[in-house]
Amino acid sequence: MKIFIKYLLVLGAILASVNAAAVDCSNLDAYKAGNTYTSGNKVTYLGKGFKARQWTQDTPVASDWGPWQGLGNCDVSSSSSGSSSSSSSGSSSNSSSGSSGSGSGSCSPLGWAAYNGTTNGGEGGDTVWVSTFAELKSEAESSQPKIIILSGSVGNGGGSDSRISINSNKTILGSVNAELHGSFKIKNVSNVVVRNLKVRGDGAFDGDGEDAIEVYNSTRVWLDHLDVVDGGDGNLDIRKGSNYVTVSWSKFSYTSKSTAHKFSNLIGSSDSDTGDRGKLKVTMHHNWWTTGVDQRMPRARFGQIHVVNNYYNSAGNDYCVGAGYESDLLIESNVFEGIKNVISYIGGAATAAELKNNLYINVTGNRTGQGTAFNPPYPYTPTAVNEVESLVKAQAGPQDLNTLSCGTQDTFDCSGTVDGTAYEDSCGVCVGGNTGLLSCSGIIEAEQACAVDGILSESKNSGFSGQGYVNTDNINGASASWIVDYAGTTATDLSFRYANGGDTARDADILINGVNSGTVLFPVTGSWTGWQLSNVTVPLSPGSNEIKLVAVTNDGIANLDWFSHSDNVSDASCTVTSSSSSSSSSSSASSSSSSSSSSSGSSSGVSSSSSSSSGSSSGSSSGSSSGSSSSSSSGSNAGVKNDFNGDGIADILWRKPSSGDVKLVINDVLGAQANAINRQPKLSGWSAQQGDFNGDAQIDLLWRNSANGEAKIEFSGPDGAVINSLLLDNRSSDWTSSVGNFNGDGIDD
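Basis of the calculations
- Residues numbered from 1 in each chain as written.
- Predicted model: local features only at pLDDT ≥ 70, side-chain atom pairs only at ≥ 80, totals over all residues.
- Heavy atoms only, no water.
- Helix = DSSP H or I, 4+ residues; strand = E, 2+ residues; numbered from the N terminus.
- Buried < 20%, exposed > 50% of the residue type's maximum accessible area, 1.4 Å probe, protein only.
- Contact = heavy atoms within 4.5 Å.
- Areas by Shrake-Rupley, 256 points an atom, 1.4 Å probe, with all protein chains shown as cover.
- Disulfide = S-S within 2.5 Å.
- Core = buried A, V, L, I, M, F, W, Y, C linked by side-chain atoms within 4.5 Å.
- Salt bridge = Lys/Arg side-chain N within 4 Å of Asp/Glu carboxyl O.
- Arc of directions from axis to C-beta.
- pLDDT = per-residue confidence, 0-100.
- Pairing = 2+ DSSP bridges.
- Phe/Tyr/Trp six-rings, centres within 6.5 Å; stacked < 30°, edge-to-face > 60°.
- Lys NZ or Arg CZ within 6 Å of the ring centre and 35° of its normal.

Here we look at the overall build of the protein chain
(1) Moving on: Looking only at helices and strands, one finds three helices and 51 strands in the protein chain.
(2) Moving on: Going through the 749 residues of the protein chain one by one, you find that 57% of them count as buried.
(3) Moving on: In the protein chain, the proportion of contacts linking residues at least 24 apart, taken out of those at least 6 apart, comes to 66%.
(4) Moving on: Looking at the protein chain as shown, the accessible area adds up to about 27,000 Å², and 47% of this sits on carbon and sulfur atoms.

If you want it as C-alpha cells, here you go:
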C-alpha cells in the first residue's frame, strides 16, 4: 500500500516564520511541551530524526514532543542554541558549510553535486512508500517530482528484468532492510538522489553484464549511504557526459558470485569520448572499497575527480585508483591498507594524479603521484586521515533512516511507518504498531531441533548465536522440526533468524502438528553471514506441538539460527508431554530424498545430525557427524520418541548416506550402548518416518523411496531388530504423509 505524505517545508531555513512575530532566540528552552504557539509559526524538533509543523490554529504542543529547538522567525543558525538549519532530504546549494568530517548524516551533498546549482531530488513532490518492485519502478520512472521510500527487498536480478530507470527530480530512500536485487539506470536525466539502500547485482563474470548503478549523460546526482555488491559489469559507473556527481558514504564489494571483471567504478568509458571534456566532475568521499574489488576504485578519464577520505582494504587487488586519458585526480586524506598499487597509469596520459596526505598501511606497489591536480572550487574540510578508517567502517552503507532524515522528514519506526509505534523487542524483532506481531518472550536455538534433513549444528559461517545453525539438505522437501509446549489459547508469533547466500529464495512450508499452516519466506540475504528475520503467525494448540519446516524448493531451507516466540511457548526438548488437539506428527515433504531418521540418544527426545548432501551454506559443507534424519514425532501411543524396543529409553538410529548402512543403537538407563543392530541398508533415495504401527509400544519405521515410490513398514521387535516388513502401495514423489492415531485404536496410521 502506498502512503502519500506531503512534505511540509521547502528548501531554506526551516525555522523561518510565516506571518509570525519575532521570537527571542536567547531563550529557546522556554518553547517546549505544553506551550501555546500562534497560528502560522513553524516549529522543528531535533530528536530521533527531524520533524516540522506549521500551526494552523492556536494550540498547545503535545507533551511527547519534548523541548523545541526553535520556532517563528528566529534565525537559530546565528543563535547559541546550535539548532539545526537543515534542508529537505537530498537538497543542496552553495551555502553548504563544506565540512566533510562531521559524520555521515548530512542532509545535502558535499562536493561537485552541491556546486553551482542545486541537487535536491524529489523535494516539493509527494512522499511515496513502496514495498514491491513494480511500485518502485512505477514511481521512479514517473514524470512528477517524488520522494520514494523503499521498505524491504525487491527485484529478482536477471539484468534488464530488474532494471529501474530513474527519472528526473527523484529522491529514493531506503527504509527497513531496503534492497534492490537488480539495477538502477540514471540516463539522460537530472537532479536525482539515491540514499540508504543496498543494490545487488547477479555477480560479475568475464562477459557483458549489467552495472548495478549506471549514471549516463546525467547531471546533478547524489548517491549516498549505499551498499553496492556484485554488479554484473561495474558496481557504479559514471559516463557519457555525466556531470556534477557526488558519491558518498557508500560501500563497494564482490562476493563469490563474482568470478571475473570485479571492476567497481568507471568514470568515463572511452578515450574517444571527447565530449566528456569539461564534464565528469565527480566527488567521491567517505566510501569503502573492500572484499573482492580488483580495480577501478575509481578508474577515470577526462573529468576532475576528487577522491577524499575513502578507505581501501580490498586485499588481493590489482590496483586502486586508475588514472586514464586526460583525467585530473586529487587523491587526498585516504587510507590504503593491505592493498597493492595505490595508483595505476592506464592508456593515454593523465592530466594529473596528485596524492596528498594519504595514509599507507602494509601497502605494496606503486604509490607515486603525478603533477598538481585541480583545486576544488567548493568548500570542504577533510576528515583527519587517522580518523577515516573507523569513521568510514562505522558509517558507510545503509544506516537507520532517522539518522539521515532532514527538516522535512518525519520519524519512522522500525517497520518504516511514519510516526509509528512499532519497536524492536529483546529478540531483535520489530513488533507492535502495524506489524501485528507480539513481543517475543524467548528464543529457541535451531540446533535444538528434534529432526533435521541435513546438518543439525554447523558453524562454518559466522554471526550465529548458540552452538551453530541448522543447514538442511539442498533438496525439495528437506525438513527440520521442533517440539514445543504451549499454554495459551491464541495464535502465536514466530520469527526465524536465517541466512540465505544463494541466488534465489529458499522458502519453507510450516506444518503445525502435521497441518500446513502457511509458508515462511526466506528471501536472499546476500551472503551466508547476512542474518535476517522472517515472521509468521501460527495456530498452536494447548499441550505439545510439533513445528516443522519443509523446503518448497530444490535448494532446501535457508540456514536457521534460531526462532523467537511470543508468550506461553516453551521448548519441550523433543518430548511429547501431552497431546494437542491435532495429530502429533507430520510428513516429510513430497520429494524428500536424502536422509533417514536419526536421533541424539538423549532420553528426553531426539536430535539429528549431519547429512550426505552439501547443505545450503555455499554448497560446500558436508558435515562432520554421520547420519541424517527426517523423522517426525511418534504417534500418540508412543511415550518416548525413538524408543525402538519399548523400554522407555530413546535409542539412536544411525545411517551412513554414502553406503546406505543403517545401524540401530539400543541405549540403557545411563545412555550407554546396550546393543547395536544392523538393519537393511537404505541408499540416498530413501527417507523414513516413525510410528507405532502395530500397537506394541515399540517404534517402527515407515520408509519411502522418492525415486521409484516404493513404500514399506519395518516393524521393530523387543530387542529393536526388524521382525517383519510390510510392503505398501507405491507412492510417487508428489505424495506426502502424516503419521498419527487417526481412529483412536492406539495404533498409528
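Overview of unusual backbone geometry
(1) Moving on: Residue M297 is joined to P298 through a cis peptide bond whose omega torsion reads 0°.
(2) Moving on: With respect to the helices, strands and loops of the structure, P298 is situated in the loop between strand 21 (288-289) and strand 22 (299-300).
(3) Moving on: Despite not being glycine, S573 has its phi angle at roughly 50°, a positive value.
(4) Moving on: Here S573 shows up in the loop between strand 44 (569-571) and strand 45 (652-656).
(5) Moving on: Classification of S573 as partly exposed rests on a relative accessible area of 38%.

Remarks on the state of the cysteines
(1) Moving on: Scanning the entire structure with this criterion turns up one disulfide.
(2) Moving on: A disulfide bridge connects C450 with C574, and the sulfur atoms are separated by 2.1 Å. Residues C450 and C574 share a disulfide whose torsion about the S-S bond is about -100°; that sign makes it left-handed. Within this pair, whereas C450 is found in the loop between strand 33 (442-445) and strand 34 (451-452), its partner C574 is found in the loop between strand 44 and strand 45, the two being separated by 124 residues in sequence.

So, the nonpolar core
Note on soluble globular proteins: their nonpolar side chains tend to be buried together.
(1) Moving on: Judged by nonpolar contacts, the single largest core of 58 residues is most densely connected at F184, I186, V194, I213, L223 and I238.
(2) Moving on: When near neighbours in sequence (up to four residues on either side) are disregarded, V194 contacts I166, I172, F184, W222, L223, D224 and L226.
(3) Moving on: Counting 31 residues, the second largest nonpolar core, distinct from the first, contains A449, I510, A558 and F563.

So, the pattern of salt bridges
(1) Moving on: All told, the structure shown has twelve salt bridges when counted by the stated rule.
(2) Moving on: Measuring nitrogen to oxygen at the nearest pair gives 3.2 Å for the salt bridge that ties D273 to K240. With a gap of 33 residues between them, D273 in the loop between strand 19 (266-267) and strand 20 (282-285) and K240 in the loop between strand 16 (236-239) and strand 17 (243-248) connect regions that are remote in the sequence.
(3) Moving on: E389 is paired through a salt bridge with K393; the nearest N and O atoms lie 3.3 Å apart.

A short note on helix 1 (residues 133-140)
(1) Moving on: Where helix 1 is concerned, the buried positions are F133, E135, L136, E139 and A140. Seen along its axis, helix 1 keeps its buried residues to an arc of 165°; they face one direction.
(2) Moving on: Where the residues of helix 1 are buried, they touch strand 6 (126-130), strand 7 (146-150), strand 8 (153-154), strand 9 (163-165), strand 10 (170-174) and strand 11 (179-181).

Here's the deal with the confidence of the model for the protein chain
(1) Moving on: Averaged over the protein chain, the pLDDT score is 76; the fraction of residues at 70 or greater is 73%.
(2) Moving on: This model gives residues 579-640 a pLDDT under 50, and the stretch forms 267 contacts once residues within four places in sequence are excluded.

Brief notes about helix 2 (residues 385-395)
(1) Moving on: Every buried residue belonging to helix 2 is among V385, V388, L391 and V392, and all of these are buried. In a view along the axis of helix 2, the buried residues occupy a sector of 100°, so they form one face of it. Within helix 2, the exposed residues directed more than 90 degrees away from the buried face are N386, S390 and A394.
(2) Moving on: Residues of helix 2 that are buried make contact with strand 21, strand 24 (311-312), strand 27 (335-337) and strand 30 (359-361).
(3) Moving on: Positioned one or two residues after helix 2, G397 has a phi angle of 90°, which is positive.

Things to note about the environment of A212
(1) Moving on: For A212, the location among the structural elements is in the loop between strand 13 (190-200) and strand 14 (213-216).
(2) Moving on: Overall, the relative accessible area of 1% leaves A212 in the buried class.
(3) Moving on: Separated by ten residues in the primary sequence, A212 and D202 have C-alpha atoms spaced 8.8 Å apart.
(4) Moving on: For A212, the residues in contact, after removing those within four places along its chain, are G182, S183, F184, V199, V228, G231, G234 and N235.

With respect to the pairing of strand 23 (residues 304-308)
(1) Moving on: Among the five residues of strand 23, four are classified as buried, and the element is accordingly described as predominantly covered.
(2) Moving on: The sheet contact formed by strand 20 and strand 23 spans four bridges and is parallel. Bridged to H285 within strand 23 is V308.
(3) Moving on: Here strand 23 runs beside strand 26 (residues 328-332); their pairing, made up of five bridges, is parallel. Across the sheet, I305 pairs through a bridge with L329, a residue of strand 26.

Notes on the packing of aromatic side chains
(1) Moving on: Across all of its chains, the model carries 19 aromatic pairs by this definition.
(2) Moving on: Pairing W112 with Y378 gives two aromatic rings, centres 5.4 Å apart and planes at 75°, and the pair type is edge-to-face. Placement of W112 in the loop between strand 5 (59-60) and strand 6 and of Y378 in the loop between strand 30 and helix 2 is noted, with a sequence separation of 266 residues between them.
(3) Moving on: On the basis of relative accessibility, which here comes to 2%, the residue W112 falls in the buried class.
(4) Moving on: Taking 6.3 Å as the distance between ring centres and 90° as the angle between the ring planes, the aromatic pair formed by F496 and F522 counts as edge-to-face. With F496 in strand 38 (residues 492-499) and F522 in the loop between strand 40 (515-520) and strand 41 (532-538), this pair connects stretches of sequence that are 26 residues apart.
(5) Moving on: Put simply, the rings of W112, Y115, Y244, F374, Y378 and Y380 pair up and form one aromatic cluster.
(6) Moving on: One residue, K187, lies across the ring of Y216, its end atom 4.6 Å from the ring centre.

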